[in-house]
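Read off the chains here:
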Amino acid sequence: MKINARVIISSLLLVVMIITGVGCGKAVQNTAQSDQAITIEYDSAVVGYLGPEGTYSQEACGVFFQKKGTYIPYETVAEAVEALKAGECTYAVIPQENTIGGAVIDYLDIVIANEELSVVGEVELPINQNLLALPGTDLGSIKKVYSHKQGIAQGKEWLAANLPQAEIIEVSSTSEGARIVADEGDATQAAIASAACADVYGLEILASSIQNNDSNKTRFYVLSTEEPSHGMSERCAFILTGKASDLPSIMAGLEKKGIELVTIHERPEKTELGNYVYVIECANCNYEQISALVEDVSFGFRYLGSFEVD
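Conventions and cut-offs
- Residues numbered from 1 in each chain as written.
- Predicted model: local features only at pLDDT ≥ 70, side-chain atom pairs only at ≥ 80, totals over all residues.
- Heavy atoms only, no water.
- Helix = DSSP H or I, 4+ residues; strand = E, 2+ residues; numbered from the N terminus.
- Buried < 20%, exposed > 50% of the residue type's maximum accessible area, 1.4 Å probe, protein only.
- Areas by Shrake-Rupley, 256 points an atom, 1.4 Å probe, with all protein chains shown as cover.
- Core = buried A, V, L, I, M, F, W, Y, C linked by side-chain atoms within 4.5 Å.
- Contact = heavy atoms within 4.5 Å.
- pLDDT = per-residue confidence, 0-100.
- Phe/Tyr/Trp six-rings, centres within 6.5 Å; stacked < 30°, edge-to-face > 60°.
- Pairing = 2+ DSSP bridges.
- Axes fitted to C-alpha atoms, helices over the stretch in contact; angles between N-to-C directions.
- Disulfide = S-S within 2.5 Å.

A look at the overall build of the protein chain
So, step 1. The helix and strand tally for the protein chain stands at eleven helices and 15 strands.
So, step 2. Within the protein chain, the fraction of its 310 residues that count as buried is 47%.
So, step 3. On the protein chain, roughly 15,300 Å² of surface is accessible, and the fraction owed to carbon and sulfur atoms is 51%.

Listed below in structure tokens is the structure:
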């Protein structure tokens, strides 16, 4: 039997292409997608957020998704992210930084721990904190104040000046504090929350704008499990893991390339002293520019995505 050499060579090339993924439709599609902005279908979006109803996270959902889609409240951010990973949601909106309270480290840790997460958008939301109580409540009768730890931090100075004897109780969200006050019906209790919560839970605003800073804002990430976009965009976010002593070279590289540093948060790597995980956000750049910075430095590198800011 004669063996056709041309057929053998063609077959071998086909095997190589299958093994390496060269020429496969899926591989080509992923490469193309990574260089383009993520397309978000607002009408069909199913979005998980930190509930219950009335939180600033829910408000951020409405801003980013243009009040379209379906929003599902979860008791914790961790539950919202697990729902996203399980396919119950197509997106999750989580707080990541506040003007007064700084980085929301518990939620940043969730992003760091879940490698399948990417960032597809960001919302910067003005935060106006209010003291809410049952209708007819007198400010002087308040003995307990409930809120999320960020709400407590943002109203710390006002509380010290106006309710120095009140017990401050941390709960899972600002709206959870409002719900507790409404459900328990105790006129000695109040909550720090949004004005929207007053309408949702039938409460009265005893004091408005109690935050320490009138420029108070919270930055929210819109998370997905899609492959992160690698193209040029208004913002990009990434994670570096390594020694603090190597960080100056990264900062020098950003400056040299004219890339603006927006924010940087550090978390302990939990391996040895001096090793950290850095969550970094920059403006007007892309994956290619950022990845080039870490080629000669011993940092672990994970790109979170390129995205726009609302």
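Regarding the nonpolar core
So, step 1. Counting residues in each nonpolar core, the largest one holds 22 residues, and the members touching the most others are Ile 94, Tyr 221 and Leu 223.
So, step 2. Contributions of two or more residues to this core are made by helix H4 (77-86), strand E3 (91-98), helix H5 (105-113), strand E11 (217-224), strand E12 (233-243), strand E14 (275-285) and strand E15 (300-307).
So, step 3. For this core, the element with the highest residue contribution is H5, accounting for five residues.
So, step 4. With near-sequence residues (within four places) excluded, Leu 223 lies in contact with Val 81, Leu 84, Thr 90, Tyr 91, Ala 92, Ile 94, Val 111, Leu 117, Ser 118 and Val 119.
So, step 5. If you look at the next biggest cluster of nonpolar residues, it comprises 18 residues, including Ile 40, Leu 125, Ile 127 and Phe 220.

Points about the confidence of the model for the protein chain
So, step 1. Residue-level pLDDT values for the protein chain average 88, and 88% of them are 70 or greater.
So, step 2. Per-residue pLDDT stays below 50 along residues 1-33; that stretch engages in seven contacts with residues further than four places along the chain or on separate chains.

Things to note about the packing of aromatic side chains
So, step 1. Using the criterion set out here, one finds eleven aromatic pairs in the structure.
So, step 2. Geometrically, the ring pair formed by Tyr 221 and Phe 307 is edge-to-face, given 6.2 Å between the ring centres and 75° between the ring planes. A residue pair is termed long-range when its members are at least 10 positions apart, and Tyr 221 in strand E11 and Phe 307 in strand E15 qualify at 86 residues.
So, step 3. Seen from their ring centres, Phe 238 and Phe 301 are 6.1 Å apart, and the 55° between their planes marks the pair as tilted. Placement of the pair is Phe 238 in strand E12 and Phe 301 in strand E15, with a sequence separation of 63 residues.

Digging into the sheet that holds strand E10 (residues 204-207)
So, step 1. With mixed pairing, five strands are arranged side by side in an open sheet as E8-E7-E9-E6-E10. Of all strands in the sheet, those with a lone pairing partner are strand E8 (167-170) and E10, marking the two edges. Put simply, the sheet's adjacent strands are angled 35° from each other on average, direction ignored.
So, step 2. The sheet contact formed by strand E7 (residues 144-147) and E8 spans four bridges and is parallel. In the strand pairing of E8, Tyr 146 is matched with Ile 169.

As for helix H8 (residues 174-184)
So, step 1. Of all the positions in H8, only Thr 174, Ser 175, Glu 176, Gly 177, Ala 178, Ile 180 and Val 181 are classed as buried.
So, step 2. For H8, the secondary structure elements touched by its buried residues are helix H3 (56-64), strand E6 (130-133), E7, strand E9 (189-193) and helix H9 (195-201).
So, step 3. At the exit of H8 stands Gly 185, carrying a positive phi of roughly 60°.

A word on the state of the cysteines
So, step 1. Applying the stated criterion to the full structure yields zero disulfides.
So, step 2. Its sulfur unpaired, Cys 89 is 9.6 Å from the next cysteine sulfur, which belongs to Cys 61.

Focus: the sheet that holds E14
So, step 1. Taken in spatial order, the four strands make up an open sheet running E13-E14-E12-E15, and their pairing is antiparallel. Either end of the sheet is taken by a strand with one partner, and the two such strands are strand E13 (260-268) and E15. Ignoring strand direction, the axes of neighbouring strands in this sheet form an average angle of 15°.
So, step 2. For E13 and E14, the ladder comprises eight bridges, and the chain directions are antiparallel. The residue bridging Pro 268 from the neighbouring strand is Tyr 276, located in E14.
So, step 3. Lying over the sheet, H5 contacts E12, E13, E14 and E15, oriented at roughly 90° with respect to E13.

A few points about unusual backbone geometry
So, step 1. The peptide bond linking Gly 51 to Pro 52 adopts the cis configuration, its omega dihedral lying at 0°.
So, step 2. Within the secondary structure, Pro 52 sits in the loop between strand E1 (46-50) and H3.
So, step 3. Backbone geometry places Lys 270, a non-glycine residue, at a positive phi of 70°.
So, step 4. Turning to its location among the elements, Lys 270 is positioned in the loop between E13 and E14.
So, step 5. The phi dihedral of Asn 284 falls on the positive side, at around 55°, and the residue is not glycine.

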